Every structure is written in structure tokens, then in C-alpha cells.
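Here are the chains, one letter per residue:
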Amino acid sequence: MSSRDVVLGRVRRAIADVRQDDTPYERAVDRSYLREHGARGVAETVELLAENLADYRAIVHRTDAEELPYLIMRLLAERGPRYVLVPPGLPPEWMSAADPTRVHDRAVSTPQELDEVESVVTGCAVAIAETGTLVLDGGPDQGRRRITLVPDHHICVVRVPDQVVSSVPQALERLDPTRPLTWISGPSATSDIELDRVEGVHGPRTLEVVLVSDQSSADVTS
């Protein structure tokens, strides 16, 4: 008998006398809570997202689809990475102007190999304005969870306004709970008992978020 079997056996014995609840899941929890805090238009929601991302020390840029490849080229040139990691389904035009050698997301890549990659470029599944959070679900333009945790520099592209929602409840409606969800609120950071902040412990030290829209807009760094 494995340790898993032992633990599960104890759990089953502990709940053996608990009455079965036949209430359907969708009615088991009261869902009458606020779905968002205040009424905002699309532009206001995007502005709130940018503000909260910057508050978490992410670097926010704005551009349009035509200028996106050149912005990514510039952001990578400023960092000077030798290698940049790209998911298999990243739109090829996003990297069409960039120079660094591309490393593709592969299941056989070791942590040591990923550690040699300085930057990663991904899309996202959804962005939450009220919390300044990006959610990745392992989609084709996002790749495996680990590729956004090991490299020191992460460029995440958010399609505006299609991928932007106001609140967490609205985001959950768009997400598949069976997928590997990664919730990102700013660059990785932690602090000790004296509240000394250290970035880059559990993920990238630098997070750059590109809000890309179909409308022409100036590149703005918050």
C-alpha cells in the first residue's frame, strides 16, 4: 500500500458519516455578489488595467498591431539577450523584426537549458483590470507554465480590448479550470521579515506588458 492509498483511506473514513449533498454545483454557492466594482467603459477598464499593472512594478507599453513587431524588437534590443524563448503558437509576425536566436518551447528542455534563456515572449488568456493580473492558460501562444517562470525577462502581449475584463468573476467565466492556469500580478517578488523586497525569486525579475490594439496609439511606458 502506497502513502497515497493510506492518506486517501483516512480521508474516506473521516467523511464516511457525512451526509451526501445532492445540490447541483451551480446552486451550491450563492453567486449574488458584485461582479465588478463600479461601472466602467472599455477605455476606463483598459486604463485601470494599465494603472494596476504599473502599481505592481510591471512596465506597461501601448502600441497597435502594425507597430507591435518593432516594439518587441526594441524591448529585446534594450535587454540584449542572446536567446529568446517563444511558444509554438506565437504569431510569427510578432517576432518578425527581432534579432535574438529563438529557442522553442520543448518538453525535453531541462531547467539548466531554460536558465540560459534571458527573455520569453508570450500572449495571455485574459487580463484583469481590477487586480492588475495576467492569466496564462498554456495556450498555443503562451506555452508551458515553466517557460514564463525561469527566464529573467517576460514580455506578455495583451490584445485590447478583447482580452481585458474588469474583475476576477468575469475572468473565471472565460477560463477553463482544467487547464494549467498561471496568475501573474507584476514581476516575481518576495520579502523577508524586515520587508526587504527581492524580485526574481519565483519567476521573471522584469515583466513588460504590451497592450496592443487595432487602433494606432503612441507607445507609452508607465
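That block above? That's the structure.
Because the structure is a prediction, the values reported are computed rather than measured. Each chain carries its own residue numbering, running from 1 in the written order of its sequence. Only residues with pLDDT of 70 or above have their local features reported here, since the model is predicted, and side-chain atom pairs are shown and tallied only from 80 upward, although totals for entire chains, interfaces and linings are computed over all residues. Derived side-chain values reflect all non-hydrogen atoms in the structure, with water molecules and hydrogen atoms excluded from consideration.

**Section: the overall build of the protein chain**
Counting its secondary structure elements, the protein chain contains six helices and twelve strands. Burial status follows relative accessibility: with a 1.4 Å probe on protein chains alone, a residue under 20% of its type maximum counts as buried, one over 50% as exposed, and anything between as partly exposed. Considering the protein chain as a whole, with its 222 residues, one finds that 40% of them fall into the buried category. A fraction of 73% describes how many contacts in the protein chain between residues 6 or more apart in sequence connect residues 24 or more apart. His is not counted, nor are the chain ends, whereas Lys and Arg count as positive and Asp and Glu as negative. For this purpose, a charge sits on NZ of Lys, CZ of Arg, CG of Asp or CD of Glu. For the protein chain, the distance from the average position of its 24 positive side-chain charges to the average position of its 36 negative side-chain charges is 8 Å. Runs of H or I in DSSP of at least four residues are treated as helices and runs of E of at least two as strands, each being numbered from the N terminus. Contacts between residues were defined by any pair of non-hydrogen atoms, one from each residue, lying within 4.5 Å.

**So, the pattern of salt bridges**
Every case where a carboxyl oxygen of Asp or Glu lies within 4 Å of a side-chain nitrogen of Lys or Arg is listed as a salt bridge. For the structure shown, the criterion picks out ten salt bridges. Residues Arg179 and Asp137 are paired through a salt bridge, measuring 3.8 Å at the closest nitrogen-oxygen approach. Highlighted residues: Arg179 in the loop between α6 (168-174) and β9 (182-184) and Asp137 in the loop between β6 (133-136) and β7 (153-159), separated in sequence by 42 residues. In this structure Arg179 comes out as partly exposed when scored by relative accessible area, which is 34%. The network of salt bridges with common partners includes Arg79, Asp152 and Arg205.

**Observations concerning empty space enclosed by the protein**
Only protein atoms enter the 1 Å grid, on which a cavity is a set of points fitting a 1.4 Å probe that cannot get out and a pocket is an open set with protein on both sides within 12 Å along at least 5 of 7 lines, lining residues being those with an atom within 4 Å of a point. Grid points are joined across faces, edges and corners, and a volume is the space filled by probe spheres set on the points. What the rule picks out here adds up to one cavity of 30 Å³ or more. Volume-wise, the largest cavity comes out at about 60 Å³. Lining the largest cavity we find Leu136, Asp137, Gly138, Gln142, Gly143, Arg144, Arg145, Thr148, Pro180 and Thr182. Of the residues in the lining of the largest cavity, the class split is two nonpolar, five polar and three charged. In this classification, the charged set is Asp, Glu, Lys and Arg, the nonpolar set is Ala, Val, Leu, Ile, Met, Phe, Trp, Tyr, Cys and Pro, and all remaining amino acids, among them Gly, are polar.

**What about the sheet that holds β9?**
Overall, mixed pairing links the four strands, which are arranged β8-β5-β6-β9 in an open sheet. At either end of the open sheet lies a strand with only one pairing partner, and these are β8 (164-165) and β9. Pairing between strands is defined by DSSP: at least two bridges between them are needed. Bridging between β6 and β9 involves three bridges; their strand directions are antiparallel. When the bridges of β9 are listed, Leu136 appears paired with Thr182.

**Some thoughts on the layout of surface pockets**
Taken as a whole, the second largest pocket encloses approximately 190 Å³ of empty space. Taken together, Ala65, Leu68, Pro69, Glu93, Trp94, Arg159, Val160, Pro161, Asp162, Val212, Ser213 and Asp214 make up the lining of the second largest pocket. Residue assignment for the lining of the second largest pocket shows that the elements contributing at least two residues are α4 (68-79) and β12 (206-213).

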